[in-house]
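Now for the letters of each chain:
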Amino acid sequence: MLTVHHLGKSQSERIVWLCEELELSYELKRYARDPVTMLAPPEYKALHPSGAAPVVTDGDLVLAESGAIVDYFIAKYGNGRLVLGPNDPAFPQFLYWLHFANGTLQPGMGRMMILNRLDLAKDNPTLLAMKRRLDRSYDLLDARLRDAEYLAGNAFTTADIMMSFSLTTMRYFQPYDVQRCPNVVKYLGRVSARPAYRRAMEKGDPGMALLLG
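Scoring rules and cut-offs
Position numbers for residues start from 1 in each chain and track the written sequence from start to end. A pLDDT threshold of at least 70 governs which residues receive local features in this predicted model, and a stricter bar of 80 or more applies before side-chain atom pairs are shown or counted, although totals over entire chains, interfaces and linings include all residues. With hydrogens and water stripped out, all remaining heavy atoms of the structure feed into the side-chain values. A pair is scored as a salt bridge if a Lys or Arg side-chain nitrogen falls within 4 Å of a carboxyl oxygen belonging to Asp or Glu. Each residue gets one of three labels from its accessible area relative to the maximum for its type: buried under 20%, exposed over 50%, partly exposed in between, using a 1.4 Å probe on protein chains only. Any two strands are treated as partners once DSSP identifies two or more bridges connecting them. Secondary structure counts use DSSP, requiring at least four H or I residues in a row for a helix and at least two E residues in a row for a strand, with both numbered from the N terminus. Here an axis means a line fitted to C-alpha atoms, over the contact stretch when the element is a helix, while the angle between two N-to-C directions is reported on a 0 to 180 degree scale. Whether two residues are in contact is decided by their heavy atoms: any pair within 4.5 Å suffices. Residues enter a nonpolar core if they are buried and are Ala, Val, Leu, Ile, Met, Phe, Trp, Tyr or Cys, with the set joined through side-chain atoms within 4.5 Å. Note on aromatic pairs: the rings of Phe, Tyr and Trp (six-membered ring only in Trp) are paired at centre separations within 6.5 Å, and the planes decide the class, stacked below 30 degrees, edge-to-face beyond 60, tilted for the rest. Here, a charge over a ring is recorded when the distance from Lys NZ or Arg CZ to the ring centre is within 6 Å and its angle to the ring normal is within 35 degrees.

**Quick notes on the pattern of salt bridges**
Here the idea is simple: oppositely charged side chains can pair when their charged atoms come close. Scanning all chains against the criterion turns up eight salt bridges. Across the pair Arg146 and Asp147 runs a salt bridge, and its minimum N-O distance is 3.5 Å. For the pair formed by Arg146 and Asp147, the shared burial category is exposed. A network of salt bridges, in which partner residues are shared, links Lys131, Asp135, Asp139 and Arg180.

Structure below.
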């Protein structure tokens, strides 16, 4: 049995969404964050040595890391859906934005979250440098989405699933004014209108306000 262990307000929403897009048969187990620390509960941390979301089980397999899980599900259950092949002209863009999500944008959001908790002076050089770097990441996205409907071009792919968490739910932990990036806002409207996204968010985090703008 394929089981998605979903920690509320976490990167595991990507996996729930992917399951819905692929119309997989899966069990969803939800876990609530500690209301004080906002960290995962002990039973979630015990699932995998990383102690972090997401985690899935597939028979005897226990797998963590959202990017690895996405690649595993696509390879095993995707039947060529939601990805582009090397002969597609948009393949390089697909790869770039697929890895940009957790390679650039998500770490940038995380660094700002930590720095803001340190109560640094607003003119702290490190804080300002990291803010400029995060702004550049959003500017790159906004420029891409000015010219393309989805990150890989005309096709919705796993790059969009990977990216959207950082643009939406992650802003509960690190606020960011996406209104400065109008093409990103329009893009969020497009991807969030997908029925699979709506099903996934209602199943995984029922009642949570979706930060789409």
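**As for the sheet that holds strand β1 (residues 2-7)**
Ordered in space as β2-β1-β3-β4, the four strands form an open sheet in which the pairing is mixed. Only two strands of the sheet have a single partner each, and these edge strands are β2 (27-31) and β4 (61-64). The mean inter-strand angle of the sheet, taken between neighbouring strand axes irrespective of direction, is 20°. In this sheet, β4 lies alongside strand β3 (residues 55-58) in antiparallel orientation, the contact comprising four bridges. Counterpart to Val56 in the pairing with β4 is Leu63. With respect to the sheet, helix α1 (residues 13-22) is in contact with β1, β2 and β3, its orientation differing from that of β1 by roughly 140°.

**A word on the nonpolar core**
Phe73, Leu105, Tyr138, Leu141, Met163 and Leu167 are the most contacted members of the largest nonpolar core, which has 60 residues in total. Only β1, α1, α3 (66-77), α4 (91-117), α5 (125-147), α6 (158-167), α7 (182-192) and α8 (195-204) provide two or more residues apiece to this core. Ranked by residue count, the leading element in this core is α4, at ten residues. Residues within four places of Met163 in sequence aside, it is in contact with Trp97, Phe100, Ala101, Leu105, Leu141 and Leu151. If you look at the next biggest cluster of nonpolar residues, it comprises six residues, including Leu7, Ala40, Val55 and Ala64.

**Concerning the packing of aromatic side chains**
The final tally for this structure, using the stated rule, is eleven aromatic pairs. Aromatic side chains Phe91 and Phe94 sit 6.5 Å apart centroid to centroid with 35° between the ring planes, which places their arrangement in the tilted category. Here the residue Phe91 and the residue Phe94 both occupy positions in helix α4, the gap between them amounting to three residues, near one helical turn. An aromatic cluster is present here, built from Trp17, Tyr150, Phe156 and Tyr197 joined pairwise through their rings. Over the aromatic face of Tyr172 sits the side chain of Lys9, whose NZ or CZ is 4.0 Å from the ring centroid.

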